[in-house]
Amino acid sequence: MQWLLMLLVFIGGVGVAIQSTVNGGLGQKVGVFEGAFVSFLVGTVALFLVMLFFGRGNLLNVFQVPKWQLLGGLLGAFYVSTMVLTVPRLGVAASIITLIAAQLIASSLIDHFGLFGMPQIQLDGQRIAGMILMIIAVILFTKR
């Protein structure tokens with residue numbers, strides 16, 4: 001089962017690379033924030049239809065969650081806008097490797113301190129080495 005979940009994450013990663021490329025091109029044609037808006041609008045319509053036909057939750061429970069949990073949408077908008085802006089200028093690979101390094105470092109800190117209600121997973125030498133290697137990868141991918 002774990003390999004299936006990892007495969008799903010891998011496919012999601014491929015999707016992020018394609019999304020960044022597509023959104024970067026869209027942003028060059030219509031503008032950075034306009035491109036991000038169109039991307040979110042299309043995604044919102046798609047998710048609305050999926051939710052309408054397959055959703056099993058209760059959307060009204062959104063009023064019961066801690067307000068900080070609603071920041072995901074803002075962070076998503078920031079992420080998409082940033083990628084729309086940077087991909088045409090830095091390239092897909094440089095933008096994505098920088099994104100992945102930042103995600104790895106931030107998520108390792110979230111795990112280490114058990115932030116946002118996540119279980120605590122201590123930083124160890126292997127994880128720190130992985131972060132250092134990712135930073136080296138960023139340097140290698142972005143150096144021209």
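Residues numbered from 1 in each chain as written. Predicted model: local features only at pLDDT ≥ 70, side-chain atom pairs only at ≥ 80, totals over all residues. Heavy atoms only, no water.

1. Considering the overall build of the protein
Counting secondary structure elements, the protein contains five helices and zero strands. Secondary structure elements in the protein, listed N-terminal to C-terminal, are α-α-α-α-α. Sorting the 144 residues of the protein into buried and exposed places 19% on the buried side. Counting only contacts in the protein whose residues sit at least 6 apart along the sequence, the fraction spanning at least 24 positions is 63%. Total accessible area on the protein stands at roughly 10,700 Å², and carbon and sulfur atoms take up 76% of it. (Helix = DSSP H or I, 4+ residues; strand = E, 2+ residues; numbered from the N terminus. Buried < 20%, exposed > 50% of the residue type's maximum accessible area, 1.4 Å probe, protein only. Contact = heavy atoms within 4.5 Å. Areas by Shrake-Rupley, 256 points an atom, 1.4 Å probe, with all protein chains shown as cover.)

2. Examining the environment of Leu-99
Counting through the fold element by element, Leu-99 comes out in helix H4 (residues 92-113). In this structure the C-alpha to C-alpha distance between Leu-99 and Ser-81, which are 18 residues apart in sequence, comes to 13 Å. Each residue touching Leu-99, except ones within four places of it in the same chain, is listed here: Val-16 and Tyr-79.

3. Examining the layout of surface pockets
By volume, the largest pocket is sized at about 320 Å³. Taken together, 13 residues make up the lining of the largest pocket; nearest its centre are Phe-78, Tyr-79, Leu-99, Ala-102 and Gln-103. Secondary structure elements with two or more residues in the lining of the largest pocket: helix H3 (71-90) and H4. The biggest single contributor to the lining of the largest pocket is H3, with seven residues. When grouped by side-chain class, the residues that make up the lining of the largest pocket number eight nonpolar, five polar and no charged. Each pocket or cavity is described by its volume, and for the second largest pocket that value is around 190 Å³. (1 Å grid on protein atoms, 1.4 Å probe; cavity = no way out; pocket = protein on both sides within 12 Å on 5 of 7 lines; lining within 4 Å. Points joined across faces, edges and corners; volume = space filled by probe spheres on them. Nonpolar A, V, L, I, M, F, W, Y, C, P; charged D, E, K, R; others polar.)

4. Examining the packing of aromatic side chains
Tallying each qualifying case throughout the model produces one aromatic pair. A centroid spacing of 5.6 Å and a plane angle of 40 degrees characterise the contact between Trp-68 and Phe-116, whose relative ring orientation is tilted. Highlighted residues: Trp-68 in the loop between helix H2 (32-54) and H3 and Phe-116 in the loop between H4 and helix H5 (125-142), separated in sequence by 48 residues. What makes Trp-68 partly exposed here is its relative accessible area of 43%. (Phe/Tyr/Trp six-rings, centres within 6.5 Å; stacked < 30°, edge-to-face > 60°.)

5. Digging into the environment of Val-138
Positionally, Val-138 belongs in helix H5. Judged by relative accessible area, which is 17%, Val-138 ranks as buried. Separated by 133 residues in the primary sequence, Val-138 and Leu-5 have C-alpha atoms spaced 27 Å apart. Look past the residues within four positions of Val-138 in its chain and what remains in contact with it is Ile-97, Thr-98 and Ala-101.

6. Description of H5
When the terminal C-alpha atoms of H5 are compared, their 26 Å separation across 18 residues agrees well with the 26 Å that a helix rising 1.5 Å per residue should span. Considered for burial, the residues of H5 that qualify are Met-131, Met-134, Ala-137 and Val-138. Axial view of H5: buried residues confined to an arc of 115 degrees, hence all on one face. In H5, the exposed positions that point more than 90 degrees away from the buried face belong to Gly-125, Gln-126, Leu-133 and Leu-140. (Expected span 1.5 Å × (residues − 1). Arc of directions from axis to C-beta.)

7. Quick notes on H2
Taking 1.5 Å of rise per residue, the 23 residues of H2 would be expected to cover 33 Å, and the 32 Å separating its terminal C-alpha atoms lies within 8% of that figure. Those residues of H2 not exposed but buried are Gly-35, Ala-36 and Ser-39.

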